Amino acid sequence: MSQGVSIAVVGSGYVGLVAAACFAEIGHHVVCVDNDEAKVQVLREGGVPIHEEYLPELLNRHRANRVEFTSDLKAATRGAQAIFIAVGTPQSETGSADLSYVDAVASEIARSIDSYKVIVEKSTVPVYTNEWIRRVLERNGVPQDLFDVASNPEFLREGTAVVDFLHADRIVLGAETERGAAVLRAIYEPLTSGAYYCSEDGVPGPRAADDPPPVLLTTTKAAEIIKHASNAFLATKISFINVVANICEAAGADVEDVARGMGLDARIGPKFLRAGIGYGGSCFPKDVAAFRHVAEQMNVDFGLLEEVEKINAEQKRRFFQKVRSALWTFRGKQIAALGLAFKGGTDDIRESPALEIVELMLREGALVRAYDPAAASRASEIIPAGRQMVYADDPYEAARDADAVVILNDWQEFAELDLGRLRSTMRYPIVVDGRNLFDPAAMAAQGFTYLSVGRPARHPVAGAANGADHAVGQRRS
Ligand code: UGA
């Protein structure tokens, strides 16, 4: 492996913390900076503020020697050859990205630079942010030979962030100078050379020594656009399949068959063609809006993205109506909500379609017993437990006496439920599945009325497992 590089990562959110742990894992010395003192303290003491596979192991492995936590940005910056800006870029009221945190960090870096640094945008930012950062430094009197601004967008997904980082599909390095590019190349060399995949205790994943991630060296502007365009394209794929799902539903076809048939075309690919209740999370909603805003600023009509957003909002509404139509009314009904995070595998509830649907059900008078393997504590800060809302410790407890089970995200644990046990605990065996986790025929055979997305509704088959005979689905048919 190459000589370690001294790195400062500013911001210890999902991207910053994962990047810091992974940079340490591939041999660099990392100082992770956050202005939230309490969070820094938790990290120093061995706590991990987010739920992410392999992250606790990597932080434990490197905390004593290769990764430190501080709130002192100046000191961290001084000692670093590369400074990665991984602070939040939330959505502003106009839909554009709010770059005030990036701006504040750039100004602070400008005040403390005393030797050459590469300042790297890791957060998702609109094109031209690199020029803005450069201007902030120049305005603060930093000589041009003391810094380069580069862009190294991150493509990790929450829940699989560490594997996505260390076994990346691609590494995009946007730089204007060879000097800046050389530092970035050195940082990623343990991955791009394949050396990391030879180490015995490395995090396992799809990459191997003879199949390392490809590097794409571009301009900073192209790198910035690659990130926005990738997220916007993936969101478009999801909205597209969701509309196709609605057509399937009307026509009596199965969207899973259709998605498989489309995905087998290598030009389309099978990923991100899972129909459901719409995309959420801290990235897609914000990035689609921000990219649309970038287009607007540049006088480019990107109405397609407006449609993508509209379809996404409509998909949640349609699903909510589906649940309502299965129950006639929510008032006085007890619903088991399985899933609160915006997807399975994470405790993140930002822009969670699951939470939005729970809120709608509560508003219409339902009693909700919710379960999520990781997100309940965060969700309870938004929807406190009370008379109408109960947080259950397991899915069966959530389903006790339920009029319906509503599946709102795709935790593996949900797909592996003991269906007989689930059915026996429910009042009526109705499952409304927003993530298509089950085979409809198998659900009917198990005695459930089963409604999912883009697939025909199924009702308990005669002679199905006991309990089926009082299914509401049967009463309705
Ligand atoms: C997304 C991108 O996938 C990452 O590449 C990117 O780095 C990240 O945003 C970011 O910009 O930081 P993430 O938000 O963690 O990652 O989640 P995804 O796995 O992409 O899922 C986003 C949403 O789309 C979820 O609500 C998920 O349930 C939904 N989804 C995903 C579908 O409805 N259908 C699909 O087929 C796939």
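Counting from 1, residues in each chain are numbered in the order their sequence is written. Confidence filtering applies because this is a predicted model: local features only for residues at pLDDT of at least 70, side-chain atom pairs given and counted only at 80 or more, and all residues used for totals across whole chains, interfaces and linings. With hydrogens and water set aside, each side-chain value is computed from the structure's full complement of heavy atoms.

**Topic: the overall build of the protein**
Piece 1. Broken down by element type, the protein carries 19 helices and 14 strands.
Piece 2. Only C-alpha atoms enter the radius of gyration; for comparison, a globular chain is expected to reach 2.2 Å times N to the power 0.38, where N is the number of residues. For 477 residues, the compact-globule estimate of 2.2 N^0.38 gives 23 Å, and the C-alpha radius of gyration of the protein, at 24 Å, lies within 12% of that figure.
Piece 3. Along the first, second and third principal axes, the C-alpha atoms of the protein reach 75 × 50 × 45 Å.
Piece 4. Here's how the labels work: a residue is buried when its accessible area is under 20% of the maximum for its type, exposed when over 50%, partly exposed in between, all with a 1.4 Å probe on protein chains only. Counting all 477 residues of the protein, 54% fall into the buried class.
Piece 5. Within the protein, contacts between residues at least 6 apart in sequence are counted, and of these 71% link residues at least 24 apart.
Piece 6. Counting only carbon and sulfur atoms, one obtains 51% of the accessible surface of the protein, whose full area is about 20100 Å². Where helices and strands are cited, they refer to DSSP runs of H or I of at least four residues and of E of at least two residues respectively, numbered from the N terminus. Residue contacts are counted whenever heavy atoms from the two residues lie within 4.5 Å of one another. The protein chains shown are the only cover counted for residues, whose accessible areas, like all others here, come from Shrake-Rupley with a 1.4 Å probe.

**What about the pairing of strand β10 (residues 367-371)?**
Piece 1. Of all five residues in β10, four are buried, a share of seventy percent or more.
Piece 2. Summarising the sheet, strand β9 (residues 334-338) and β10 pair through five bridges and their orientation is parallel. Looking across to β10, one finds that A337 is bridged to A370.
Piece 3. Read as a crossover between parallel neighbours, the route from β10 over helix α14 (residues 376-382) to strand β11 (residues 389-391) is right-handed. Here the rule is simple: two strands pair whenever DSSP picks up at least two bridges between them. A right-handed crossover is one whose linking path, passing over the helix from the first strand to the second, runs clockwise when the strands point away from the viewer.

**Description of the packing of aromatic side chains**
Piece 1. Each Phe, Tyr or Trp ring (for Trp, its six-membered ring) is paired with any other whose centre lies within 6.5 Å, and the angle between the two planes then decides the class: stacked below 30 degrees, edge-to-face above 60, tilted in between. Using the criterion set out here, one finds 11 aromatic pairs in the structure.
Piece 2. Through pairs of rings, three or more aromatic residues link up here, namely F23, F84, F165 and Y188.
Piece 3. In our convention, an over-ring charge means Lys NZ or Arg CZ found within 6 Å of a ring centre and within 35 degrees of that ring's normal. The aromatic ring of F155 is capped on one face by R170, whose charged end is 3.5 Å from the ring centroid.
Piece 4. We note R421 situated over the ring of Y396; from NZ or CZ to the ring centre the distance is 3.8 Å.

**Some points on the nonpolar core**
Piece 1. Ranked by size, the top nonpolar core spans 48 residues in total, and within it F23, F84, F165, L166 and I187 carry the most contacts.
Piece 2. Looking at this core element by element, the count peaks at nine residues for helix α1 (residues 14-25).
Piece 3. Discounting residues that sit within four places of it in the chain, F84 has contacts with I7, A8, V9, V10, F23, V120, K122, N152, L184 and I187. By convention a nonpolar core is built from buried Ala, Val, Leu, Ile, Met, Phe, Trp, Tyr and Cys residues, the set being connected through side-chain atoms within 4.5 Å.

**Remarks on the domain arrangement of the protein**
Piece 1. Note that domain bounds follow an automatic or database assignment of domains. On domain assignment, one finds that the protein holds domain 1 (6-218), domain 2 (227-307) and domain 3 (313-466).
Piece 2. Taking only C-alpha atoms, the centre of domain 1 and the centre of domain 2 are 28 Å apart.
Piece 3. Each partner contributes to the interface: domain 1 provides 17 residues, whereas domain 2 provides 12 residues.
Piece 4. Take the accessible area each of two parts loses on contact, using a 1.4 Å probe, and add the two losses: that sum is the buried area. In this assembly, domain 1 packs against domain 2 so that about 1100 Å² is buried in total across both faces, 63% of it on carbon and sulfur atoms.
Piece 5. We define a salt bridge as a contact between a side-chain nitrogen of Lys or Arg and a carboxyl oxygen of Asp or Glu at a distance within 4 Å. Seen at the junction of domain 1 and domain 2, the total is zero salt bridges.

**Things to note about the environment of A313**
Piece 1. Relative to the assigned elements, A313 resides in helix α12 (residues 303-327).
Piece 2. For A313, a relative accessible area of 46% corresponds to the partly exposed category.

**Considering unusual backbone geometry**
Piece 1. Of note, the phi angle at N299 is positive, near 60°, even though the residue is not glycine.
Piece 2. Structurally, the position occupied by N299 is in the loop between α11 (284-297) and α12.
Piece 3. On the basis of relative accessible area, N299 is assigned to the exposed category, the value being 74%.

**What to know about the packing of α1 against helix α3 (residues 55-63)**
Piece 1. In this analysis, axes come from line fits to C-alpha atoms, helices being fitted only over the stretch in contact, and the angle between any two N-to-C directions falls in the range 0 to 180 degrees. At a minimum axis separation of 9 Å, α1 and α3 run at an interaxial angle of 50°. In terms of orientation, α1 lies oblique with respect to α3. Crossing of α1 against α3: the hand is left-handed. Residues L17, V18, A21, C22, A24 and E25 of α1 form the contact with α3, whose own contacting residues are L55, L58, L59, R61 and H62.
Piece 2. Just so you know the grouping, Ala, Val, Leu, Ile, Met, Phe, Trp, Tyr, Cys and Pro go in nonpolar, Asp, Glu, Lys and Arg go in charged, and all remaining residues, Gly too, go in polar. Taken together, the residues that form the contact of α1 with α3 break down as eight nonpolar, one polar and two charged. Under this scheme an angle from 65 to 115 degrees is roughly perpendicular, one under 35 degrees roughly parallel, and one over 145 degrees roughly antiparallel; angles in between are oblique. What makes a crossing left-handed is the near helix being turned counterclockwise from the far one by less than a right angle; a clockwise turn instead makes it right-handed.

**Topic: the state of the cysteines**
As used in these notes, a disulfide is a covalent bond between sulfur atoms, one from each of two cysteines.
Piece 1. When two cysteine sulfur atoms are found within 2.5 Å, that pair is recorded as a disulfide. In this structure the tally under the stated criterion is zero disulfides.
Piece 2. A disulfide-free cysteine, C32 has its sulfur positioned 12 Å from the sulfur of C22, the nearest such atom.

**Considerations on the pairing of strand β6 (residues 147-151)**
Looking down a regular strand, the side chains alternate between one sheet face and the other.
Piece 1. Most of β6 is tucked away, with five of its five residues classed as buried.
Piece 2. Every second residue of β6 is oriented toward a common face, with F147, V149 and S151 on one face and D148 and A150 on the other, all of them buried.
Piece 3. Summarising the sheet, strand β5 (residues 117-121) and β6 pair through five bridges and their orientation is parallel. Bridge pairing links I119 to V149 in β6.
Piece 4. With helix α6 (residues 129-139) bridging β5 and the parallel β6, this β-α-β connection has right-handed handedness.

**Examining the side chain of H28**
Piece 1. Within the fold, H28 resides in the loop between α1 and β2 (29-33).
Piece 2. Polar contacts, as counted here, are pairs of nitrogen or oxygen atoms within 3.5 Å of one another; within protein the pair requires one atom able to donate a hydrogen and one able to accept it, and residues that are adjacent in sequence qualify only if both atoms are side-chain atoms. A distance of 2.7 Å separates a polar atom in the side chain of H28 from the backbone oxygen of I187.
Piece 3. Filtering out sequence-adjacent residues up to four positions away, H28 remains in contact with Q3, G4, V5, I7, F23, R66, A186, I187 and P190.

**Some thoughts on the site of the ligand**
Piece 1. The cutoff for a nearby residue is simple: one of its non-hydrogen atoms must lie within 4 Å of the molecule or strand. Close to the ligand lie 19 residues; L156, E158, K227, N231 and C283 are nearest.
Piece 2. Here an oxygen atom of the ligand sits 2.7 Å away from a polar atom, N or O, in the main chain of E158.
Piece 3. Interatomic distance of 2.8 Å between a side-chain N/O atom of K343 and an oxygen atom of the ligand.
Piece 4. For the ligand, the protein covers 95% of the area, taking 710 Å² as the surface of the free molecule.
Piece 5. When contributions to the shell around the ligand are tallied by element, the ones reaching two or more residues are α9 (220-251) and α11.
Piece 6. When residues of the shell around the ligand are assigned to their parent elements, the largest contribution, three residues, is made by α9.

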